[in-house]
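# Secondary and tertiary structure notes
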Number of protein chains: 2
Amino acid sequence: MSGSAEFNSIFYPNSVAVIGASTDFNKLGYHCMASLMVSQFEGKIYPVHPSLPEIRGLQVYPSIKSVPDKVDLAIICVRSSLVPSILNECAGKGVKGVVLITAGFKEAKTEVGTQLQDQIAAMANRANIRIIGPNTFGIVNLHANLNASFTPEFSLTPKGNISLVSQSGGFCHLIAPLAMEEGVGMSKIIGLGNRCNVDFADMLDYLADDPDTKVIMIYIEGIDGARRMFDVAAEVTRKKPIVALKAGKFGAKDDAAYFHTGSLAGQHEIYIAAFEQAGIIGANSSTELLDIANALAVCPLPKGKKVAVLSSQAGPGITMSDVCEQHGLVISRLCGQTTKRIEELLPPLSMRSNPIDMGPAWYDSEIIKGVIEAVSADDNVDSLLFYTAYASANKPLLKDITTLLQSSVHQKPVVCCFPSPKGIWIEEKRQLVESGVTIYATPERAAKVLVSLVKRSQIVSSLEQP
Amino acid sequence: MSGSAEFNSIFYPNSVAVIGASTDFNKLGYHCMASLMVSQFEGKIYPVHPSLPEIRGLQVYPSIKSVPDKVDLAIICVRSSLVPSILNECAGKGVKGVVLITAGFKEAKTEVGTQLQDQIAAMANRANIRIIGPNTFGIVNLHANLNASFTPEFSLTPKGNISLVSQSGGFCHLIAPLAMEEGVGMSKIIGLGNRCNVDFADMLDYLADDPDTKVIMIYIEGIDGARRMFDVAAEVTRKKPIVALKAGKFGAKDDAAYFHTGSLAGQHEIYIAAFEQAGIIGANSSTELLDIANALAVCPLPKGKKVAVLSSQAGPGITMSDVCEQHGLVISRLCGQTTKRIEELLPPLSMRSNPIDMGPAWYDSEIIKGVIEAVSADDNVDSLLFYTAYASANKPLLKDITTLLQSSVHQKPVVCCFPSPKGIWIEEKRQLVESGVTIYATPERAAKVLVSLVKRSQIVSSLEQP
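The text that follows walks through the structure, step by step, so that each part is easy to find. (Residues numbered from 1 in each chain as written. Chains lettered and ligands numbered in written order. Predicted model: local features only at pLDDT ≥ 70, side-chain atom pairs only at ≥ 80, totals over all residues. Heavy atoms only, no water.)

## Examining the relation of the copies chain A and chain B
- Mapping chain A onto chain B leaves a residual RMSD of 0.0 Å; the transformation is a rotation of 180 degrees accompanied by 0.0 Å of translation along its axis. Expressed as an axis order, the relation between the two copies is that of a two-fold axis.
- The residues that chain A uses at the interface reappear at the interface of chain B in 100% of cases, marking a shared surface. (Least-squares fit on C-alpha atoms with pLDDT ≥ 70 in both. Contact = heavy atoms within 4.5 Å.)

## So, the interface of chain A and chain B
- On the chain B side, the residues contacting the 70 residues of chain A number 71 residues.
- Taken together, the two surfaces of chain A and chain B that pack against each other cover about 5500 Å², and 68% of this comes from carbon and sulfur.
- Of all the secondary-structure elements, those providing two or more residues to the side of chain A that touches chain B are α2 (28-38), α5 (169-182), α8 (254-261), α10 (286-298), α11 (314-326) and α16 (443-464) of chain A.
- In terms of residues, the side of chain A that touches chain B owes the most to one element, α11(A), which gives nine residues.
- When its residues are assigned to classes, the side of chain A that touches chain B shows 38 nonpolar, 21 polar and 11 charged. (Buried area = accessible area lost by both parts, 1.4 Å probe. Helix = DSSP H or I, 4+ residues; strand = E, 2+ residues; numbered from the N terminus. Nonpolar A, V, L, I, M, F, W, Y, C, P; charged D, E, K, R; others polar.)

## Topic: unusual backbone geometry
Residues and elements named next belong to chain B.
- A cis amide bond links Gly133 with the next residue in sequence, Pro134, at an omega value of 0 degrees.
- Assignment of secondary structure puts Pro134 in the loop between β7 (130-132) and β8 (138-141).
- Put simply, Asn354 and Pro355 share a cis peptide bond, and its omega is -5 degrees.
- One can find Pro355 in the loop between α12 (336-345) and β17 (356-357).

## Quick look at the pairing of strand β1 (residues 15-19) of chain A
All names here are of chain A.
- Of all five residues making up β1, five are buried, and the element is well covered by its neighbours.
- Here β1 shows two buried faces, one formed by Ser15, Ala17 and Ile19 and the other by Val16 and Val18.
- Bridge count between β1 and strand β2 (residues 44-48): five bridges; the pairing is parallel. The residue of β2 that forms the bridge with Ile19 is Val48.
- The parallel pair β1 and β2 is bridged by α2, and the resulting crossover is right-handed.
- In the sheet, β1 pairs with strand β5 (residues 73-76) via four bridges, with the strands oriented parallel. Within β5, the position partnered with Val16 by the bridge is Leu73. (Buried < 20%, exposed > 50% of the residue type's maximum accessible area, 1.4 Å probe, protein only. Pairing = 2+ DSSP bridges. Right-handed = clockwise from strand over helix to strand, strands pointing away.)

## Concerning the nonpolar core
- Counting residues in each nonpolar core, the largest one holds 221 residues, and the members touching the most others are A:Ile75, A:Met203, A:Leu385, B:Ile75, B:Met203 and B:Leu385.
- When near neighbours in sequence (up to four residues on either side) are disregarded, A:Leu385 contacts A:Val307, A:Ala308, A:Val309, A:Leu310, A:Met320, A:Cys324, A:Val415, A:Ala446, A:Ala447 and A:Leu450. (Core = buried A, V, L, I, M, F, W, Y, C linked by side-chain atoms within 4.5 Å.)

## Comments concerning the sheet that holds strand β5 (residues 73-76) of chain B
Residues and elements named next belong to chain B.
- Strand order in this open sheet of five strands is β2-β1-β5-β6-β7, and the pairing throughout is parallel. In this open sheet, the two strands that pair with only one neighbour each are β2 (44-48) and β7. Going from strand to strand, the sheet's axes swing by 20 degrees on average, the running direction of each strand aside.
- Examined bridge by bridge, strand β6 (residues 97-100) and β7 share three bridges and lie parallel to one another. In the sheet register, Val98 faces β7, and the bridge partner there is Ile131. (Axes fitted to C-alpha atoms, helices over the stretch in contact; angles between N-to-C directions.)

## Re the pattern of salt bridges
- Across all of its chains, the model carries 34 salt bridges over all chains by this definition.
- Between B:Arg445 and B:Glu182 there is a salt bridge; the shortest N-O distance is 3.2 Å. Remark: B:Glu182 occurs in helix α5 (residues 169-182) and B:Arg445 occurs in helix α16 (residues 443-464); sequence separation between them is 263 residues.
- Here B:Arg445 falls in the buried class, since its relative accessible area comes to 17%.
- Here the residues in one salt-bridge network are A:Glu6, A:Arg130, A:Asp202 and A:Arg228, joined through shared partners. (Salt bridge = Lys/Arg side-chain N within 4 Å of Asp/Glu carboxyl O.)

## A closer look at the packing of aromatic side chains
- The final tally for this structure, using the stated rule, is 28 aromatic pairs over all chains.
- Summarising the aromatic geometry, the rings of B:Phe418 and B:Trp425 are spaced 6.3 Å apart at their centres and angled 85 degrees between planes, so their arrangement reads as edge-to-face.
- Grouping aromatic residues by their ring pairs yields a cluster made of A:Phe137, A:Phe150, A:Phe154, B:Trp362 and B:Tyr363.
- Lying over the aromatic face of A:Tyr30, A:Arg56 brings its terminal NZ or CZ to 5.3 Å of the ring centre.
- Over the aromatic face of B:Tyr271 sits the side chain of B:Lys246, whose NZ or CZ is 5.0 Å from the ring centroid. (Phe/Tyr/Trp six-rings, centres within 6.5 Å; stacked < 30°, edge-to-face > 60°. Lys NZ or Arg CZ within 6 Å of the ring centre and 35° of its normal.)

## Observations regarding the packing of helix α3 (residues 83-93) of chain B against helix α4 (residues 111-126) of chain B
All names here are of chain B.
- Packing of α3 against α4 leaves a shortest axis separation of 10 Å and a crossing angle of 5 degrees. Our classification of the angle between α3 and α4 gives roughly parallel. Along the contact surface, α3 presents Val83, Pro84, Leu87 and Asn88, while α4 presents Leu116, Gln119, Ile120, Met123 and Ala124.
- Of the residues in the contact of α3 with α4, the class split is seven nonpolar, two polar and no charged. (Parallel < 35°, antiparallel > 145°, perpendicular 65-115°, else oblique.)

## Observations regarding the side chain of A:Ser392
- Relative to the assigned elements, A:Ser392 resides in the loop between β18 (383-387) and α14 (397-405).
- We classify A:Ser392 as buried; its relative accessible area is 9%.
- Side-chain polar atoms of A:Ser392 contact the side chain of B:His31, separated by 2.5 Å.
- Non-local contacts of A:Ser392, meaning those with residues more than four positions away in its chain, are made with B:Phe25, B:His31, B:Phe150, B:Thr151, B:Pro152 and B:Glu153. (Polar contact = N/O pair within 3.5 Å; in protein donor to acceptor, adjacent residues only side chain to side chain.)

Shown next, in the form of structure tokens:
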């Protein structure tokens, strides 16, 4: 059985059993049932509980054995001591995928916990069962309307092509609300937990061939056997971008990471170097991780590092140029023809070479359109950064430039920042985003994203070389 | 006349004239009138235009001379060549404050522009007129319902105690929408423009004594005569915190800064060092600038740099600790008594020393309350960082801990991150913010803010030493 088929029973199941399903709000089995129901999962749902007759209108089965059909995925949220026997029953039933939410294994740092984890890992390996967990919040696959987690609200995340593989469930609970807030579409959200027989490498390998995943985000604190992950990652980044956030830079929390998922955090710097070598793009914060992934999912890649910075207000234009230069991009010298055209368009009282301050014409859509057109067509320009803030005199601007800004026009990425008061330019921004333009709330975030697009482009080019 | 009284005619005028008021959407005088009207300014408004009889229901005067009353503030948005004669009329009328929106002065880099600016500066100095500008978007004082700018939507910014002095109007158009989005309250928003006779130093001096300003943000690209600004700033930071964002780190944009406001950007590093020496807190991005100012306006200052990091999900707790340690804060060793109490409360399977992972008890409000109580009372703890993400099982948590988290309880700052899906924990967060707790969208932002609170505390302590 290929890795892909194995994991499809977890991410695209036809039937799911919830072992430990409950009607008691204080039990995770209650929330797991709620998640499955609100996600409008279209497959079969089999709640398993020793005595309850019915949960949320569904028939309850006293054990997984008594479920009349095949079960693809079992979500387990019983107490830890019961897990081995439950797993045994799952094996008997032919279950191939398990999401094991229960905690109290290796992360407990007790002899019992460690033994229990070793025991279930051995059982799962023998029975060809893949376990996400233990000690996980679960997994979500928005493309299958599957919320196999204890948090129903994950189903509110917009559907898209970015998947997250995380060593921390808490981090998933941070990223999903950010994605909702920013309107960033996600595909799979995976909390690896203690990784008893499914690790980063397995998930990267699976997502590399997942048609619903275009960009992979990973959040990692530190793992044993990181080499295998990096070997796999080096292959995966040939196909799809991976963006990574590494936590645990300093010493004080090695213990915390240990307690959290049962592994000592490795040396931070080694990870950062290994990211580089494997073609993984490193992010410096959770915001940056999502920002970069979003752009990689939406934008074409720039052919090189020559950027044109256009702003209707010079200050933020300077800020964007700063970030670009700080990270090795080139504020490109425009072609003579472009310069000539810009000098026709803009009065001499503005900065007409790159960065271009369209300040004196900030409320004149026609001039701004002319500048965008000239700059986009310039062979010395690989990408555009564009800043324009709302002021009531330029209200029509965004609508006027929508078509021109579409990345498709010149196959060059356009990364924008359009600050506007609440309720203004909403529809205009929506249309731009739909047409492949990415928009960020600050000039620094926009420029940082472009830096990563260039980085990805360099990674891709280096692979293409013989 | 004291500096304060002089500038009060600009920021707290009883009567405002708009010279160049217009009914034509394509003229800035149209938007300036709109701004004054929507801000519900309670003083007198006198539109001035040579021929129009009425604008927005208000009587129009053919010149400022013909206005029957005293005029405190004149907003001027006529073309540049007319400005000297208009200024002359203002002097004759006894106007003391001018917001000069018109562009085409020193920033135009033409002989005419430079001469014009020198001319009006000399006129203003002779007549004791203070000019904000030229080449500015204007100023806003939310405490006086005064929007003397060409963007009416500035009046949507929440009212609070943070003032912004900016070399760039475009930057003001970035910060105000961010403040609206984040619910950060502002006081005065000032675009200095070309600074013909009002510069950073004057505004810092004025805001130092402004009862409606608790924290001052500055955005600076580079100015001539920066020494005077830093001398004044060193005095002001004894009274109030100043947070600064410096743009123009790299060379390519020196020209852009020049064009923008008529001054060459100075060397970036010199500014950064001078910030430090003047007790100014430096920010690295626009988001950070606003985040830090917000915390300084709301939180008590920590007595020292010993932080307790509490998280209901270890991953983001590690991230927060990372940021703290990276910036020299101390993840403090808890007192024996605190440790004992925490060990009673939390099961051994969690990290019970600092950072504290309350993971295994993340849905148990009583345990979390106990931990907060123990840690807050610890003399080895100067401040708290607290992270808890929403998951449906912990929905009641935020309500349960509101009272405990209030900074007032222990006079220690509490900086939080509470990620939650759209529509959840809204009211709980509002109450917390009202009671002096600051909440940020990511653990990195929360931790970065705490770093700055500690920095401000160190600045204050160093001043108190003999």
